[in-house]
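Single-letter residue listing:
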Amino acid sequence: MNLPNAITVSRLFLTAGFIIFVAWESTWGHLTALILFIIAAASDFLDGWLARKLNLVTPLGKLLDPLADKILVCSAFVFLTAMELCPVWITALIIGREFLVTGLRQIAIEAGQVLAADNLGKWKTGFQLTYLISGMVWLTLGTMDSLGPFLGFFRWLTTPWGEGAWLMPISLFLAVALTVISGWHYLWSSRYLLRGS
């Protein structure tokens, strides 16, 4: 197993750790989960960059990389939905889009074609990660008894609703919009495959 693939596999273990620690209703549990999530999200960019830089793109990496990404992001959305920070329909929409794209890619592979990722998908992921990290920062700081000016700023910055809230609502709105647009783009790009032509 080469280095990029090893990093991808490690992201699956980091995601498992995130799921375990995020269930702990404590400052240390949420803080550990937040750190694991940030490391896992950063590894997503690192393994792809290394694979292209070192010419180590493999079929295993093409399979595991998007799978690990989807598990990480979807598990975080499910958690924030359970914490009432994300509407159920948005989480369902995002997970449904991931199933859709995975299915379309499988159809393309069987037809001997490649359904490449587009820039819309990358921007979508960026806004999703911004929203998810902001939500976890909000929850983590909410478990602390006292906040100084530095942590208080981040508590204000990640306010999910009400007066002064902007980072989470805007990133969620853009993530949802790009989820719909990129999902439609994949459907439109695959229209001939779906018709069997």
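Note that the structure is predicted; figures quoted are calculated from it, not measured. (Residues numbered from 1 in each chain as written. Predicted model: local features only at pLDDT ≥ 70, side-chain atom pairs only at ≥ 80, totals over all residues. Heavy atoms only, no water.)

## So, the packing of helix α2 (residues 27-53) against helix α5 (residues 119-142)
So, point 1. Packing of α2 against α5 leaves a shortest axis separation of 9 Å and a crossing angle of 165°. Classed by the angle they form, the pair α2 and α5 counts as roughly antiparallel. At the point where α2 passes α5, the crossing takes the left-handed sense. Of the residues in α5, those touching α2 at Thr 27, His 30, Leu 31, Leu 34, Phe 37, Ile 38, Ala 41 and Phe 45 are Leu 129, Leu 132, Ile 133, Met 136, Val 137, Leu 139 and Thr 140.
So, point 2. Counted by class, the contact of α2 with α5 contains 12 nonpolar, three polar and no charged residues. (Axes fitted to C-alpha atoms, helices over the stretch in contact; angles between N-to-C directions. Helix = DSSP H or I, 4+ residues; strand = E, 2+ residues; numbered from the N terminus. Parallel < 35°, antiparallel > 145°, perpendicular 65-115°, else oblique. Left-handed = near helix turned anticlockwise from the far one by under 90°. Contact = heavy atoms within 4.5 Å. Nonpolar A, V, L, I, M, F, W, Y, C, P; charged D, E, K, R; others polar.)

## Considerations on the packing of aromatic side chains
So, point 1. Scanning the entire structure with this criterion turns up nine aromatic pairs.
So, point 2. Considering the side-chain rings of Phe 153 and Trp 156, the 5.8 Å spacing of their centres and the 35° angle between planes classify their relative orientation as tilted. With a gap of three residues between them, Phe 153 and Trp 156 both fall in helix α6 (residues 149-157), about one helical turn apart.
So, point 3. When its relative accessible area of 42% is taken as the criterion, Phe 153 is described as partly exposed.
So, point 4. Overall, the relative accessible area of 44% leaves Trp 156 in the partly exposed class.
So, point 5. In textbook terms, an aromatic cluster arises when at least three aromatic residues are bridged by ring pairs, as seen for Phe 150, Phe 153, Phe 154 and Trp 156.
So, point 6. Here Arg 155 stacks its cationic end above the ring of Trp 138, 3.4 Å away from the centre of that ring.
So, point 7. Taking the ring centre of Trp 188 as reference, the NZ or CZ of Arg 191 above it sits at 4.0 Å. (Phe/Tyr/Trp six-rings, centres within 6.5 Å; stacked < 30°, edge-to-face > 60°. Buried < 20%, exposed > 50% of the residue type's maximum accessible area, 1.4 Å probe, protein only. Lys NZ or Arg CZ within 6 Å of the ring centre and 35° of its normal.)

## With respect to the pattern of salt bridges
So, point 1. The tally for this structure, following the rule as stated, stands at seven salt bridges.
So, point 2. Asp 47 is paired through a salt bridge with Arg 11; the nearest N and O atoms lie 2.9 Å apart. Of this pair, Asp 47 sits in helix α2 while Arg 11 is found in helix α1 (residues 3-22), placing the two residues 36 residues apart along the sequence.
So, point 3. Judged by relative accessible area, which is 2%, Asp 47 ranks as buried.
So, point 4. On the basis of relative accessibility, which here comes to 0%, the residue Arg 11 falls in the buried class.
So, point 5. The partner of Lys 124 in a salt bridge is Glu 98, with the nearest N and O atoms 3.2 Å apart. Taken together, the residues Lys 124 in helix α5 and Glu 98 in helix α4 (residues 88-110) connect sequence positions 26 residues apart. (Salt bridge = Lys/Arg side-chain N within 4 Å of Asp/Glu carboxyl O.)

## Points about the nonpolar core
So, point 1. In terms of nonpolar packing, the biggest core is built from 30 residues, with Phe 18, Phe 37, Phe 77, Leu 80, Tyr 131, Leu 132 and Met 136 touching the most fellow members.
So, point 2. Secondary-structure elements contributing two or more residues to this core are α1, α2, α3 (59-82), α4, α5 and α7 (167-189).
So, point 3. If you tally residues by element for this core, the top one is α5, at eight residues. (Core = buried A, V, L, I, M, F, W, Y, C linked by side-chain atoms within 4.5 Å.)

By themselves, these observations are geometric and do not establish any function.
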